[in-house]
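So you can see what is in the structure, the chains are spelled out below.
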Amino acid sequence: MTKLNGKKLRSQEWWGQPNYESFARRAWMRSEGFSSDFFQNKPVIGICNSWSELNNCNAHLRIVAEAVKRGVLAAGGFPLEFPTISLGEMFMRPTTMLFRNLMAMDVEESIRANPLDAVVLLCGCDKTTPAQLMGAASADIPAIMVPGGPMLSGQWRDRMLGSGTDGRKLFDLFRTGKVSEEQWCEIEGGISRSAGHCTVMGTASTMTSLAEALGMTLPGSANIPAPDSRRLTMAEMSGRRAVELALEDLRPSQIMTRQAIENAITVDMAIGGSTNAVVHLLAIAGRLGVDLRLDEFDAISRRTPYIANVKPSGEYLMEDFFYAGGLPVVMKEILHLLHGDAMTVSGKPLRENLEKAECFRREVIRTAAEPLHPEGGTVILYGNLAPDGAVIKQTAASAHLLQHTGKAYVFETYDQMRSQIDSMDLPVTKDTVLVMKNCGPKGAPGFPEWGHIPMPKVLLSQGISDVVRISDARMSGTSFGTVVLHTAPESALGGPLAIVQTGDEIRLDVAGRQLELCLPAAEISQRLQKFTPAPPKYDRGYGRLFLEHVTQANLGCDFDFLRKV
Ligand code: FES
């Protein structure tokens, strides 16, 4: 019987025992046409596939899985591919975030319940990466991640387009008649030209990059474009490595340590990553028993330069980023801020993985000495409007609004905002602070990406392209603007956002990390006492489980019973 580190292979508990159950399991395995020596005494490598035709970003992952399989077979392992639910950002209602924890549970229990010695995680679209990392962290058998990679750069006429980011900008031009119907149709056909996740530094590119920074992928894995043949080569190599991981018994808990998580936060700041990374890293840390606090993101942000010139904070697309050298170059550039000794799934510490990294386009990846911004992309705000914190992506905000005081215009709900935002009578100016309530984890529910409140049409018609926007929602990582998000506690729970009224003055001070409702404390507490919560929006099924157990944004929105801390 094959042993690893003096222990039996886990899979042998299923089919290596001298009893009827093992006989039956072997027989049922052979019903798929395998001969007995094909799988006996070999590391069984699960390929956890989030492929789905309802998730265009992950639509190529079956081809990637085939490459993983040949790597596993070449290394003497036995690959078995299995599906989990997939979370397609564009299609799922009301939001994929409602189901991230469900997918994480699916991944965790699928791994734990089956005869697997190691697992290869195939991800791509936004929530599929954190869900797999959360599930793998809790199951804690050896795991390696193979992201599906970004799609090709979008193209319209002679312009390169970034999915999400440029789509939103062009939609504002379409709404105001500056882009015609015919042009809009052309854009629809050219903005997403292949499978793969969004091709800006949105949540998917951020989270797959952070998976690499955490040490959970082979070096250089995250940013290879989805259709590039090197994506399949990397998948094959990852399959081979998975067999070794099984024999070494190198587990996620030994890779995703506090040091690795601090590395991931640092890299997130350097790449101008999605604000969603804050929520997902808090959730991953919670699964591992790492007591990570929201304010630690800000401390790391203050010391980390932003150097990846990729949309929405910068100018280029993920293809450019990869051709410039990609994430290994960024990490090498800021190695002095990273824990270089952190172990990775390659079997080597991070520092060694980066030795050969080389930058080929300095306009895309700057040096740490000449950054695009001296601080990281995301910063954390506190104040009487966000006692438990809020986030803003300062590198995607307008410089002139980073210190701003203005009167609030309040939308009580997302639906109210949608019905009013295009009204030419909306009483707003360039100084207005748009406030939207009831969009948080419990309020929406599901913590949707509604925080990028569209610019009021009346302001767009005046040539104004940004105002301060505040909500307890999230925002797509592809979005931009002076947008405060994740305000906690959320309004549906009676957080201070709940009592803001149109006409109240709000002060945003990004440099001072402050978000203040400019009212006397007595007035605030009087209004808070009058708050009454709305009845729950789900009374059965998964929705009810979510409402009863989801934690707030500053804790990562995982279920309370799944956290280790
Ligand atoms: Fe899947 Fe953007 S929609 S990554």
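Further up the page is the structure itself.
Summary of the structure given here. From a predicted model like this one, the values you see are computed outputs, not experimental measurements. Residue positions are given per chain, counting from 1 as you read along its sequence in written order. pLDDT decides what is reported in this predicted model: residues at 70 or higher carry local features, side-chain atom pairs at 80 or more are listed and counted, and totals for whole chains, interfaces and linings draw on all residues regardless. Think of the side-chain values as coming from all heavy atoms in the structure, minus any hydrogens and water.

1. Points about the side chain of Asn-309
Defined as follows: Every helix listed is a DSSP run of H or I at least four residues long, and every strand listed is a run of E at least two residues long, numbered separately from the N terminus. Note on contacts: a residue pair is in contact if any heavy atoms of the two residues lie within 4.5 Å.
Examined against the element boundaries, Asn-309 turns out to sit in the loop between α14 (294-303) and α15 (318-323). Residues in contact with Asn-309, not counting those within four places in the same chain, are Gly-314, Glu-315, Tyr-316, Glu-363, Val-364 and Leu-372.

2. Comments concerning the sheet that holds strand β4 (residues 78-83)
Short version of the rule: For two strands to be treated as a pair, DSSP must find no fewer than two bridges joining them. The axes are straight lines fitted to the C-alpha atoms, using for helices just the contacting stretch, and the angles between their N-to-C directions are given from 0 to 180°.
Spatially, β4-β3-β5-β6 is the arrangement adopted by the four strands of the open sheet, whose pairing is parallel. Taken across any chain shown, the strands that pair with only one partner, and hence form the sheet edges, are β4 and β6 (143-147). Direction aside, neighbouring strands of the sheet carry axes that sit 20 degrees apart on average. Pairing of strand β3 (residues 44-49) with β4, which is carried by six bridges, proceeds in the parallel orientation.

3. Concerning the pattern of salt bridges
To keep things clear, this is the line we draw: Salt bridges, as used here, are contacts in which a Lys or Arg side-chain nitrogen is within 4 Å of a carboxyl oxygen on Asp or Glu. Each residue is placed in one exposure class: buried if its accessible area under a 1.4 Å probe, protein chains only, is under 20% of its type's maximum, exposed if it is over 50%, and partly exposed if it falls in between.
This model, assessed by the stated rule, comprises 37 salt bridges. A salt bridge links Arg-362 to Glu-333, with the nearest nitrogen and oxygen atoms 3.2 Å apart. Here Glu-333 lies in helix α16 (residues 327-333) and Arg-362 lies in the loop between α17 (350-353) and β9 (378-383), a separation of 29 residues in the sequence. Since its relative accessible area comes to 37%, Arg-362 is described here as partly exposed. Put simply, Asp-504 and Arg-527 hold a salt bridge, and the shortest N to O gap is 2.7 Å. Placement of the pair is Asp-504 in the loop between β14 (483-485) and β15 (505-509) and Arg-527 in helix α20 (residues 521-529), with a sequence separation of 23 residues. A residue is classified by how much of its surface remains accessible, and Arg-527, at 13% relative accessible area, is buried.

4. What to know about unusual backbone geometry
Put simply, Arg-93 and Pro-94 share a cis peptide bond, and its omega is -5 degrees. Following the sequence through the fold, Pro-94 ends up in the loop between β4 and α5 (97-113). The linkage connecting Ala-488 with the following residue, Pro-489, adopts the cis geometry, with an omega of -5 degrees. Here Pro-489 is to be found in the loop between β14 and β15. Notably, Asp-249 is not glycine yet its phi reads approximately 55 degrees, a positive angle. Looking at the element boundaries, Asp-249 is found in the loop between α10 (229-248) and α11 (252-255). If you check the backbone angles, His-486 has positive phi at about 60 degrees while not being a glycine. Looking at where His-486 falls in the secondary structure, it is placed in the loop between β14 and β15.

5. Re the nonpolar core
Nonpolar side chains tend toward joint burial in soluble globular proteins. Worth spelling out the cut-off: Nonpolar cores were defined as sets of buried Ala, Val, Leu, Ile, Met, Phe, Trp, Tyr and Cys residues, with membership established by side-chain atoms within 4.5 Å.
Within the largest apolar cluster, 116 residues are counted, with the highest numbers of intra-cluster contacts made by Leu-122, Val-267, Ile-271, Phe-297 and Phe-321. When near neighbours in sequence (up to four residues on either side) are disregarded, Phe-297 contacts Ile-265, Met-269, Val-278, Leu-281, Leu-282, Leu-292 and Ile-380. Ile-392, Val-484, Val-500 and Leu-515 belong to the second largest nonpolar core, which has 25 residues in total.

6. Comments concerning the layout of surface pockets
This is how it is decided: A cavity, in this analysis, means grid points on a 1 Å lattice covering only the protein atoms where a 1.4 Å probe fits yet has no way out; a pocket is instead an open set bounded by protein on both sides within 12 Å along at least five of seven lines, and a residue lines either one if it has an atom within 4 Å of a point. Grid points are joined across faces, edges and corners, and a volume is the space filled by probe spheres set on the points. All amino acids are sorted into three groups, where Ala, Val, Leu, Ile, Met, Phe, Trp, Tyr, Cys and Pro are nonpolar, Asp, Glu, Lys and Arg are charged, and the leftover types, Gly among them, are polar.
Taken as a whole, the largest pocket encloses approximately 1,500 Å³ of empty space. Put simply, the parts of the chain that give the lining of the largest pocket at least two residues each are α7 (165-175), α8 (181-190), α9 (203-214) and α18 (414-420). Taken together, the residues of the lining of the largest pocket break down into 21 nonpolar, 16 polar and twelve charged. Along the walls of the second largest pocket sit 22 residues, with Asn-438, Gly-443, Ala-492, Ala-534 and Lys-537 positioned nearest its centre. For the lining of the second largest pocket, a count of residues per class yields twelve nonpolar, five polar and five charged.

7. So, the pairing of strand β16 (residues 514-517)
Note that β15 and β16 share four bridges and pair antiparallel. In the strand pairing of β16, Arg-507 is matched with Glu-516. A loop of four residues connects β15 with β16, the two strands running antiparallel in sequence, and Arg-513 in this loop sits at a positive phi of about 60 degrees.

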